[in-house]
Amino acid sequence: MNDDTAEIATLPDPYRFAIDTIPGLVWTSLPDGNVDFVNQRWLDYTGLSFEQAIGCGWQAAVCPDDLPRLVDYWHSILESGTPGEFEARLRRHDGVDRWFLFRGVPQCDDRGGVIKWYGQTTDIEDRKRADEELKRQTAHLDELFELAPHAVVLVDAEVRVIRVNREFTRMFGYTAEEAVGRPLLDLVAPEERLEEYRNNARMLSSGQKVESETVRRRKDGVRLQVSMTASPVLTAGPIEGYIIYRDITERKRAEALIAGETRLLEMIAKGEPLPQTLEALCRLVEQECSGATCSILFVDEDGKRLRHGVAPGLPTAYTSLLDGWPIGPEEGPCALAAFSRESVIVEDFRTSSLRKEFQAIVAGYGLRACWSVPILSRDRRVLGTFALYFREPRSPRQQDRETIEQFRDLASIAIERTEAENALRRSQAHLAKAQRLSLTGSFSWRPATGAIVWSEETYRIYGLDPSVRPTLDVVRERVHPADLPLFQQTLEVAIRDGKDFAFEYRLLFPDGAVKHLQITAHRSSADADESLEFVGAVMDVTERKRSEDALDRMRLNLAHVTRVSTLGQMAASIAHEINQPLAAITINGNASLRWLASEPPNLHEAREATHRIVRDGQRAGDVITRLRSLFRRDGSAKERLGMSEVVREMVAITRAEVQKGGASIHTRMAEDLPLVAGDRVQLQQLMLNLIMNAVEAMSGVHDRRREIIITTGPGEGGEVLVAVRDSGVGLDPEEQDKVFDAFYTTRQTGMGMGLAISRSIVEHHGGRLWAEPNDGPGATFLFTIPRDTGGAPCP
Amino acid sequence: MPLICVVDDDGSIRESLRGLLESIGFAVETFPSAQTFLDSTWLGNTDCLILDVRMPGMRGPELQRELCRRGYDIPTVFITAHGDEDIRPRVLSEGAVDCLLKPFSEAALLGAIRKALAAA
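Residues numbered from 1 in each chain as written. Chains lettered and ligands numbered in written order. Predicted model: local features only at pLDDT ≥ 70, side-chain atom pairs only at ≥ 80, totals over all residues. Heavy atoms only, no water.

A. Quick look at the overall build of chain A. If you tally the helices and strands in chain A, you get 26 helices and 27 strands. For chain A, the residues scored as buried account for 44% of the 795 residues in total. Working note: accessible area of chain A is about 41600 Å², and carbon and sulfur atoms make up 53% of it. (Helix = DSSP H or I, 4+ residues; strand = E, 2+ residues; numbered from the N terminus. Buried < 20%, exposed > 50% of the residue type's maximum accessible area, 1.4 Å probe, protein only. Areas by Shrake-Rupley, 256 points an atom, 1.4 Å probe, with all protein chains shown as cover.)

Below is the structure:
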């Protein structure tokens, strides 16, 4: 211990105490660097004793890692004799190292020589840690700045570039050196957006944050769609700022593409004309695929030739040339694509293997490359081709291929949709035409909602304007009052049963005109869950009704004519029928006179003869009465009558004619047959025809009895069945139905109308007439007439 | 009393002829068909035959021929209600006395019968 140390050590207690209470580690050393004093706090911290610490002993408390540099530094200031400080870690008594600032200040004598060093060692552990933390954070921020996925620029208050990150250099094409120090305006603001740029810069300088999507310029002039965020950095000094650019060109492109696609789909959905839709499609693709000119060609219906579709950017001369171009493997990219149903990529016409002729053509229009793809329908038909032309050699990138496929599919949808619409339109036109021609309208009806839909022709039939909404009330107003109950009842049953229905009713128009309608409706909703719906046809049968009425009249006339003609043929037989009783009357008259003239008069015999006269007169009268009704022209009134009675009457009238034909007639009548509602004259004519037909069928028969058997009885359905059986030549199976055709006859005489008229008479009565071959010789003609249900007389 | 036979399928004619001829005083037999007459026992006694032309089964002219074939020469007067033009010359040529068309007058009938009886 030197003198100084001794000096301090021997300081009076109050000073000594003061030194020990200083919240720092205090020490002194001799000019040679040997420590001669450390305060109590130093000793407390290091855990060394005073004796251990003095001299060079203090070095034991310094962190070994820092000691060499600390010792070097200590020696350097000892040599220079200037104050100095150094940071190093000092080991605490418990082995923990903490950073301290070692500070030494020399005390010099008058000559300037160092006589003593005074030192303080200050705990800077907390500050040191904070510094390190700051450094670490700064490094992180730098890294973040550099590696940020967006372009980031730090600018000063004048919006000059202070710093740019790596993404900025990549995005805008400048090196950091080129950028730093220059106004950002010079680097990225496009000429067309200077105003907007300056505005943003002003806002930033005034401390406002700016966010926008805009366009910025690369070093090479290419415009970029960017999303920009400019944030001021608020410091005490002038306002600096960060500007972040995000390249949204791709996103914008995708958005534009989707918007374009949506627009196209809208056009398709709205049914815009196909050329307009396809032209819009071409324009969109040309916009998307820079340098491309689009062409869409259709394939002929026979699949042999290409037809011009749309190609807004190609010379008309070229498109005209392609119109009608044959499809084949050697006819150019589009013809080949249509032929092979595969994509055809011609990167450069000059180096392609296409025919020289084709190469010359495309060269003439300055075209160098063409990518063509077939447009296929859903059922794999080739509808056309979709091609992109370029004026320089070009091969498609993956993105191009995707774009082409996407728009090819859109074109396919547009073309198919148009095809379907055209087909639908044609079919609707045909339907409307067919409805117009057949006077048949269609309708649908949902009873639950009352919704009714009519076709154009239905409106016409009801005499209503298509602007009128059809409802049941609208229909009811038109229904003929007499048919309204039927109309109402039919619809009620239809709703209740949910079954198909058909009926006829009349419309009565304000001007008194009447239309006959025939309705046939089919239940279209098969599912029970679905609400009931009917679809059906409304047929204007007015003309048909008129024709039927005319036909009925004609048939009556014809029936009359044939009846009269038949009766004419039977004149001799009819005369016989009258002559027979007439002869008897004459003879009886003479006999009566004679009995009266005899002496005495034989009154008994005279009375008998007179009775016979009365009886035979009655008989002749009956014949006349029957004949008179057959000669009557109209016979349209139906009455309740018994078929057996009609049969009997006609057997009586035809007996002579049958006999003349060498035939006999027998009847087997059923008792208690129901009455029928019929036209007596028509039914008489029917029997007359069938009997005469039987007589004629037997006229050539010589080897067996000519016999007609007429039976009446109940039919299977409760109707009245009449059968006329003959023993004639019979029927060929082929003839069986032909015999009922008008003008069909196998005989020399006659019009061939008898059986045709017979059938129409039977059908007019709602019955059926047919012929069957007999087991033995001959044929049987049978007919049914429905029983009279006792209803009101039919009109 | 001469016997006159009547063959006619019509009952009214048979009855009326029987009445008239009996009132005049002839004996009368009537038959509804040719066969019933052929089957009867009167063939040899008949002085005059009044015969209907058209009947079911055997007709008048056939009966005439059959009688001839059997060796009966009965004077026959045909009567017919059919206005058949060729029937009259045909039956006359085969030996009939007369052929009357119904309705005929009493005078015509009696004239024909008288002629027949004279021939017999």
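B. Here's a closer look at the overall build of chain B. Secondary structure assignment for chain B yields 5 helices and 5 strands. From first element to last, N terminus to C terminus, chain B shows the α and β order β-α-β-α-β-α-β-α-β-α. Within chain B, buried positions represent 52% of all 120 residues. Partitioning the intrachain contacts of chain B with sequence separation of at least 6 by distance along the chain shows that 62% fall at a separation of at least 24. Carbon and sulfur atoms make up 49% of the accessible area of chain B, which totals about 5100 Å². (Contact = heavy atoms within 4.5 Å.)

C. Fine view of the pairing of strand β6 (residues 151-155) of chain A. All names here are of chain A. The element β6 is largely enclosed, with a buried count of 5 among its 5 residues. Covered by surrounding structure in β6 are A151, V153 and V155 together with V152 and L154, the residues of both alternating faces. Sheet topology note: the β6/strand β7 (residues 161-164) ladder contains 3 bridges and is antiparallel. Each bridged residue has a counterpart across the sheet, and for V155 the counterpart in β7 is V161. Hairpin connection from β6 to β7: 5 residues lie between these consecutive antiparallel strands, with V159 at a positive phi of about 60°. (Pairing = 2+ DSSP bridges.)

D. The arrangement of the pattern of salt bridges in detail. Under the defined criterion, the tally for this structure stands at 71 salt bridges over all chains. The network of salt bridges with common partners includes E87, R127, K128 and D131 of chain A. (Salt bridge = Lys/Arg side-chain N within 4 Å of Asp/Glu carboxyl O.)

E. Focus on helix α5 (residues 67-80) of chain A. Residues and elements named next belong to chain A. The terminal C-alpha atoms of α5 lie 20 Å apart, and with 14 residues this matches the ideal 20 Å at 1.5 Å per residue to within 8%. Residues L67, L70, V71, W74, I77 and L78 constitute the buried set of α5. Viewed end-on, α5 has its buried residues packed into an arc of 130°, placing them on one side of the element. Pointing more than 90 degrees away from the buried face of α5 are the exposed residues D72 and E79. Residues of α5 that are buried in the fold lie against β1 (25-29), β3 (84-91), β4 (97-108) and β5 (114-123). Just downstream of α5 lies G81, where phi reads positive at about 70°. (Expected span 1.5 Å × (residues − 1). Arc of directions from axis to C-beta.)

F. Representation of the packing of aromatic side chains in the model. What the rule picks out here adds up to 22 aromatic pairs over all chains. Ring centres 5.1 Å apart and planes at 25° place the aromatic pair Y73 of chain A and F86 of chain A in the stacked group. Residue Y73 of chain A is located in helix α5, and its partner F86 of chain A is located in strand β3; the two are separated by 13 residues in the primary sequence. The partly exposed category is assigned to Y73 of chain A, whose relative accessible area is 27%. Judged by its relative accessible area of 16%, F86 of chain A is buried. Between F31 of chain B and F37 of chain B the ring centres are 5.1 Å apart and the planes differ by 70°, which places this aromatic pair in the edge-to-face class. On the accessibility criterion, F31 of chain B (7% relative accessible area) is buried. Taking relative accessible area as the criterion, F37 of chain B reaches 0% and is therefore assigned buried. Site record: aromatic cluster; members linked through ring pairs are W445, F487, F501, F503, Y505 and F534 of chain A. In this structure, K128 of chain A is placed above the aromatic ring of W99 of chain A, and the distance from its NZ or CZ to the ring centre is 4.6 Å. Across from the ring centre of W770 of chain A, 4.0 Å away, lies the NZ or CZ of R768 of chain A, which sits over that ring. (Phe/Tyr/Trp six-rings, centres within 6.5 Å; stacked < 30°, edge-to-face > 60°. Lys NZ or Arg CZ within 6 Å of the ring centre and 35° of its normal.)

G. Representation of the confidence of the model for chain B. Of all residues in chain B, 98% have pLDDT values of 70 or greater, and the mean over the chain is 91. Two numbers describe this predicted complex: its pTM, 0.45, and its ipTM, 0.90. (pLDDT = per-residue confidence, 0-100.)

H. Geometry of the sheet that holds β5 of chain A. All names here are of chain A. The sheet built from 5 strands is open, its strands ordered β2-β1-β5-β4-β3 with antiparallel pairing. The open sheet is flanked by β2 (35-38) and β3, the only strands paired with a single partner. Each adjacent strand pair in this sheet contributes to an overall mean axis angle of 25°, direction not counted. Sheet topology places β1 next to β2; 3 bridges connect them, and they run antiparallel. (Axes fitted to C-alpha atoms, helices over the stretch in contact; angles between N-to-C directions.)

I. Representation of the interface of chain B and chain A in the model. On the chain A side, the residues contacting the 24 residues of chain B number 24 residues. Together chain B and chain A conceal approximately 2000 Å² of surface at their shared face, both sides included; 55% is due to carbon and sulfur atoms. With a closest N to O distance of 2.9 Å, E15 of chain B and R615 of chain A form a salt bridge. Connecting chain B to chain A are 12 residue pairs in polar contact (both at pLDDT 80 or more). For the side of chain B that touches chain A, the secondary-structure elements that each account for two or more residues are α1 (11-24) and α5 (106-119) of chain B. (Buried area = accessible area lost by both parts, 1.4 Å probe. Polar contact = N/O pair within 3.5 Å; in protein donor to acceptor, adjacent residues only side chain to side chain.)

J. Layout of the nonpolar core. Residues and elements named next belong to chain A. Core analysis: the biggest nonpolar cluster contains 48 residues, and L683, M687, I691, I708, I710, F781 and F783 have the highest contact counts within it. It is helix α24 (residues 680-697) that contributes the most residues to this core, 9 residues altogether. Residues contacting I710, with those up to four places away along its chain left out, are V647, V651, I665, H666, T667, R668, M687, I691, V722, A723 and V724. In this structure, C282, W371, A411 and A414 belong to the second largest nonpolar core, which totals 29 residues. (Core = buried A, V, L, I, M, F, W, Y, C linked by side-chain atoms within 4.5 Å.)

K. Focus on the environment of R469 of chain A. Secondary-structure assignment places R469 of chain A in the loop between α17 (456-462) and α18 (472-478). With 18 residues separating them in the primary sequence, R469 of chain A and A451 of chain A have C-alpha atoms 9.3 Å apart.

L. Representation of the packing of α24 of chain A against helix α26 (residues 754-764) of chain A. Residue and element names in this part refer to chain A. With their axes 9 Å apart at the nearest point, α24 and α26 run at an angle of 145° to one another. At the point where α24 passes α26, the crossing takes the left-handed sense. Where α24 abuts α26, its residues Q682, L683, Q685, L686, N689, L690 and N693 lie against G754, L755, I757, S758, I761, V762 and H764. Partitioning the contact of α24 with α26 into residue classes produces 7 nonpolar, 7 polar and no charged. (Left-handed = near helix turned anticlockwise from the far one by under 90°. Nonpolar A, V, L, I, M, F, W, Y, C, P; charged D, E, K, R; others polar.)

M. The sheet that holds strand β15 (residues 382-390) of chain A, seen in detail. All names here are of chain A. Pairing in this open sheet of 5 strands is antiparallel, and the strands run β12-β11-β15-β14-β13 from one edge to the other. At either margin of the open sheet sits one strand with a lone partner, and together these are β12 (306-310) and β13 (344-346). Looking at each pair of strands side by side, their axes are set apart by 25° on average, direction ignored. The sheet contacts of helix α16 (residues 398-438) involve β11 (293-299), β13, β14 (369-376) and β15, and relative to β14 the element is tilted by about 40°.

N. Representation of the confidence of the model for chain A. Summary statistics for chain A give a mean pLDDT of 86 and a share of 94% for residues scoring 70 or more. The low-confidence segment residues 1-5 of chain A, where pLDDT is below 50, has 15 contacts with residues more than four positions distant or belonging to other chains.

O. Structural view of the side chain of D679 of chain A. Mapped onto the fold, D679 of chain A is located in the loop between β23 (676-678) and α24. Using a relative accessible area of 3% as the deciding quantity, one classes D679 of chain A as buried.

P. Structural detail: the environment of L20 of chain B. Mapped onto the elements, L20 of chain B comes out in helix α1. On the basis of relative accessible area, L20 of chain B is assigned to the buried category, the value being 0%. A C-alpha to C-alpha distance of 8.8 Å links L20 of chain B and E106 of chain B, two positions 86 residues apart in sequence. Look past the residues within four positions of L20 of chain B in its chain and what remains in contact with it is I587, N590, A591 and R594 of chain A together with E106 and L109 of chain B.

Q. Seen up close, unusual backbone geometry. Cis peptide bonds are those with omega within 30 degrees of zero, and the linkage from E599 of chain A to P600 of chain A qualifies with -5°. Summarising the element assignment, P600 of chain A is placed in the loop between α21 (571-597) and α22 (603-631). Cis geometry marks the peptide bond from K102 of chain B to P103 of chain B; its omega dihedral reads -10°. When you line up the elements, P103 of chain B lands in the loop between β5 (98-101) and α5.

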